[in-house]
Amino acid sequence: MPFGKFKEQSLLKKFEKELRLIPDTRTPNEKKIHSVAILTDVKISDEINIAEKVREGLASVRTTQVYHYRVFNKTDPLTYKHFTEKDIDWNGKIKDASLESFIDNPFDLLIGYFNNKNLYLEYCALKSKATFKIGFAKVNDKIYDLVVSEDPKNIDSFIEIIRKYLELLQKI
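Quick notes on the rules
Residues numbered from 1 in each chain as written. Predicted model: local features only at pLDDT ≥ 70, side-chain atom pairs only at ≥ 80, totals over all residues. Heavy atoms only, no water. Helix = DSSP H or I, 4+ residues; strand = E, 2+ residues; numbered from the N terminus. Rg over C-alpha atoms; globule rule 2.2 N^0.38 Å. Contact = heavy atoms within 4.5 Å. Buried < 20%, exposed > 50% of the residue type's maximum accessible area, 1.4 Å probe, protein only. Pairing = 2+ DSSP bridges. 1 Å grid on protein atoms, 1.4 Å probe; cavity = no way out; pocket = protein on both sides within 12 Å on 5 of 7 lines; lining within 4 Å. Points joined across faces, edges and corners; volume = space filled by probe spheres on them. Nonpolar A, V, L, I, M, F, W, Y, C, P; charged D, E, K, R; others polar. Core = buried A, V, L, I, M, F, W, Y, C linked by side-chain atoms within 4.5 Å. Axes fitted to C-alpha atoms, helices over the stretch in contact; angles between N-to-C directions.

A. Spatial organisation of the overall build of the chain. Of the regular secondary structure elements, the chain holds six helices and six strands. Listing every helix and strand of the chain by position from the N terminus yields α-β-α-α-β-β-α-β-α-β-β-α. Relative to the globule expectation of 16 Å for 172 residues, the C-alpha radius of gyration of the chain, 16 Å, shows essentially globular dimensions. In terms of overall dimensions, the chain has C-alpha extents of about 50 × 35 × 30 Å along its principal axes. Considering only contacts in the chain between residues 6 or more positions apart, those separated by 24 or more positions represent 62%.

What follows is the structure, encoded as structure tokens:
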């Protein structure tokens, strides 16, 4: 078995183990949302300026931070806004300091803005210390407090839906 497959299998086992530890029902806290973290794939973020749309749609947001996943390529420059599969080891340990800082930051809201299964994005969303998490229904419902069934290309509709739910929950 090639090392890449071994690494993914080991990480998948750790991910599934930690996913089982999440209770089936969670009660959201009453904390208002002022800081937003967005986890996304670089392909989606190249098409849509997600951070700008979130700031426009959720007026109470003061800070927005986006972190992108991209497939590892030796020619890509290292940045503090991107991570690759090389930044997470086979045991689930985060090797990149900026990614670890992003995950450990207690944001008020984490938006998992990707609708395809991606072990590395899902793992980062699971490990995030954000107090409230929103994502797409096709990915992994257990990670998120609120799931939205929408196409990522319809960013305006997505923002409108989460704004309505956040108002109902009195978070904005």
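B. Structural view of the pairing of strand β4 (residues 109-113). The element β4 is largely enclosed, with a buried count of five among its five residues. By the alternation rule, side chains of β4 split into L109, I111 and Y113 and L110 and G112, which are all buried. Relative to β4, strand β1 (residues 35-41) is paired through five bridges, and the arrangement is parallel. The residue bridging V36 from the neighbouring strand is L109, located in β4. Note that β4 and strand β5 (residues 133-136) share three bridges and pair parallel.

C. Fine view of the layout of surface pockets. In this model, the largest pocket occupies a volume close to 320 Å³. If you go around the largest pocket, you meet 18 residues; those closest to its centre are D41, K43, I44, N115 and N116. Tallying contributions element by element places helix α2 (residues 42-47) first for the lining of the largest pocket, with four residues. Its residues assigned to classes, the lining of the largest pocket comprises eight nonpolar, three polar and seven charged. Of the voids in this model, the second largest pocket is the one considered here, and its volume is about 200 Å³.

D. Representation of the nonpolar core. Membership of the largest hydrophobic core comes to 52 residues, with the highest contact counts inside it found for L39, F83 and Y113. If sequence neighbours within four positions are ignored, Y113 has contacts with I38, L39, T40, D41, I44, I48, I50, F136, P152, N154, I155 and F158.

E. Seen up close, the sheet that holds strand β3 (residues 82-83). Read from one edge of the open sheet, six strands run β3-β2-β1-β4-β5-β6, paired in parallel fashion. Two strands in the sheet have a free side with no partner beyond their single neighbour: β3 and β6 (146-148). Bridge count between strand β2 (residues 63-69) and β3: two bridges; the pairing is parallel. Each bridged residue has a counterpart across the sheet, and for Y69 the counterpart in β3 is F83. Helix α5 (residues 119-127) rests against β1, β2, β3, β4 and β5 of the sheet, and its axis sits at about 165° to β1.

F. Spatial organisation of the side chain of S35. Here S35 lies in strand β1. Each residue touching S35, except ones within four places of it in the same chain, is listed here: T63, F107, D108 and L109.

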